[in-house]
Structures are given as structure tokens and as C-alpha cells.
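Chain by chain, the residues:
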Amino acid sequence: MKIVGIFSLLLLLVATMVSAIAVVWTRHQSRALFVQFSQLQSQRDELNIEYGRLELEQATWAEPRRIDNEARTKLGMFTPRPQDVQLVRP
């Protein structure tokens, strides 16, 4: 009877130790994942800020008045005179 009691006690001790180690490991994993999650949130926020800047830059470059100015100054384009306009009918 004593051997069964000692065996049961050892089994419970081992089960308790395994359980304690599992709790510590799970908490460590949880903290590591939370740190990674926080870093990814920061990266997401930085990318959102950069995306907003790029949208603003695109809107600035695509402004019709600016395109017209660039066409006139850099490409030498101009609005045709009324007598230079020809209608093409199918």
C-alpha cells in the first residue's frame, strides 16, 4: 500500500511540475506575441501616415492647373487657335 501511495505522490508531483512549466511557457509566449503585436501596430500606423502623404502628393501632381502649366512651360504646348481646329466626322 505504501508503494502505491508513494507512486501516486510522485505522479502528482510530476504533473504539478509539468503544469507549472506549461503555465510559465504560455505566459512567456503570450508576452512575446503581445510585443510583436505592438510592433506590428506601430508599423501599420507608420505605413498609414506614409500612405496619406503619398495620396496628398499624388493629388498635388495630378491637379489640372499644374498639368496645364507643365505642358505649356516644359513641353511647349499651347491652346490651338480657332482657325486651327478641324472637326472630323465619321
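Here, the structure is the one placed above.
Description of the structure in this document.

Definitions and limits used
Residues numbered from 1 in each chain as written. Predicted model: local features only at pLDDT ≥ 70, side-chain atom pairs only at ≥ 80, totals over all residues. Heavy atoms only, no water. Salt bridge = Lys/Arg side-chain N within 4 Å of Asp/Glu carboxyl O. Buried < 20%, exposed > 50% of the residue type's maximum accessible area, 1.4 Å probe, protein only. Helix = DSSP H or I, 4+ residues; strand = E, 2+ residues; numbered from the N terminus. Patch = residues over 30% accessible without salt bridge, like charges linked within 9 Å, V, L, I, M, F, W, Y side chains within 5 Å. Areas by Shrake-Rupley, 256 points an atom, 1.4 Å probe, with all protein chains shown as cover.

Details of the pattern of salt bridges
The final tally for this structure, using the stated rule, is six salt bridges. Note that Asp45 is salt-bridged to Arg44, the shortest N-O span being 3.0 Å. With a relative accessible area of 39%, Asp45 lands in the partly exposed category. Between Arg66 and Glu70 there is a salt bridge; the shortest N-O distance is 3.8 Å. Residue Arg66 and its partner Glu70 are both found in helix 2 (residues 64-73); the two are separated by four residues, about one turn of the helix. Overall, Glu70 belongs to the partly exposed group, its relative accessible area being 23%.

Here's the deal with the environment of Val88
When you line up the elements, Val88 lands in the segment after helix 2. Val88 gets classed as exposed once you look at its relative accessible area, which sits at 77%. It is 22 Å that separates the C-alpha atoms of Val88 and Met77, two residues lying eleven residues apart in sequence.

Digging into a nonpolar patch on the surface
A cluster of nonpolar side chains, Ile6, Leu10, Leu13 and Met17, forms an exposed patch at the surface whose accessible area comes to about 410 Å². Structurally, Leu10 can be placed in helix 1 (residues 2-61). A relative accessible area of 48% places Leu10 in the partly exposed class.

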